[in-house]
Amino acid sequence: LVYSMLSSEKSRNLEVLTLALEGYVEKADGREVYSSQTKLPITLLVPKESIVVALNAPKRVPVGEYFLVKAILKNTGFQAVSRIAVNLYADGELSDTKFMDLLLPGAETEIDFPYKLDEPGLHNFTVVVSFTDVLGESKTVTSSTVVTAIQEIKISIAVSSTNLTISDSVNISGAVVPSLE
């Protein structure tokens, strides 16, 4: 018997092979040749996403000071993924991109992005990871977090010690501008 593959049709997770079968059967009065074609569906077991990503950053940071936004990537699939691009967006704008050639099955890696916020308030960070899976298809996964940038307020109080005794109390009144809320 001789098998040969005539064609292959691939969809998302199913591949259908068309096989040709040619052979012969020995009979007392000679050989009888026959051939046939058959389609064999083969289900490919591939996880939906091969990489999972988490984004870690401090919840609160002082305005004007650097901190780290960390993208943690883990390959949860059974095959290596390749051509990995890790894009960091800050408040919707692309801030930085880092690249990896390969992430093996079960492997985990951390990619650090140093960042500094110049304005107080809530800031949204999103990491978008693009990669090529074992079937050669491009995939994208994302993760987001929010960081609050706080403006540090420094207050200096000077008290003259010439008229102050240990038993005296000092009352301080006034308003904080801008508001600490």
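Anyway, here's the lowdown on the structure attached to this text. (Residues numbered from 1 in each chain as written. Predicted model: local features only at pLDDT ≥ 70, side-chain atom pairs only at ≥ 80, totals over all residues. Heavy atoms only, no water.)

### Examining the nonpolar core
Stage number 1. With 28 residues, the main nonpolar core has Val69, Leu73, Ile84, Val86, Phe125 and Val129 as its most contacted residues.
Stage number 2. Examining the composition of this core, we find that five residues originate from one element, strand β7 (residues 81-90), more than from any other.
Stage number 3. In this view, valine 86 contacts Ala71, Leu73, Asp96, Thr97, Lys98, Ile111, Phe113, Val127, Val128 and Val129; residues no more than four positions away in its chain are not counted. (Core = buried A, V, L, I, M, F, W, Y, C linked by side-chain atoms within 4.5 Å. Buried < 20%, exposed > 50% of the residue type's maximum accessible area, 1.4 Å probe, protein only. Helix = DSSP H or I, 4+ residues; strand = E, 2+ residues; numbered from the N terminus. Contact = heavy atoms within 4.5 Å.)

### Description of the side chain of serine 143
Stage number 1. Of note, serine 143 is situated in strand β11 (residues 138-150).
Stage number 2. By relative accessible area, serine 143 is classed as buried at 15%.
Stage number 3. Within the local environment of serine 143, its side chain forms a polar contact with the backbone nitrogen of leucine 55, the two atoms lying 3.3 Å apart.
Stage number 4. Contacts of serine 143, omitting those with residues within four sequence positions, involve Val53, Ala54, Leu55, Phe125, Thr126 and Val127. (Polar contact = N/O pair within 3.5 Å; in protein donor to acceptor, adjacent residues only side chain to side chain.)

### Quick notes on the packing of aromatic side chains
Stage number 1. Enumeration according to the criterion identifies three aromatic pairs in this entry.
Stage number 2. Their ring planes at 65 degrees and their centres at 6.3 Å tell us that phenylalanine 67 and tyrosine 115 sit as a pair that is edge-to-face. Within this pair, whereas phenylalanine 67 is found in strand β6 (residues 66-75), its partner tyrosine 115 is found in strand β9 (residues 108-116), the two being separated by 48 residues in sequence. Here phenylalanine 67 and tyrosine 115 have matching classes, each one buried.
Stage number 3. Measuring from ring centre to ring centre gives 5.1 Å for tyrosine 115 and phenylalanine 125, while their planes differ by 85 degrees; the resulting arrangement is edge-to-face. Residue tyrosine 115 is located in strand β9, and its partner phenylalanine 125 is located in strand β10 (residues 121-132); the two are separated by 10 residues in the primary sequence. Accessibility assignment for this pair places tyrosine 115 and phenylalanine 125 in one class, buried.
Stage number 4. In textbook terms, an aromatic cluster arises when at least three aromatic residues are bridged by ring pairs, as seen for Phe67, Tyr115 and Phe125.
Stage number 5. In this structure, lysine 98 packs its charged tip against the face of phenylalanine 113, placed 5.0 Å from the ring centre. (Phe/Tyr/Trp six-rings, centres within 6.5 Å; stacked < 30°, edge-to-face > 60°. Lys NZ or Arg CZ within 6 Å of the ring centre and 35° of its normal.)

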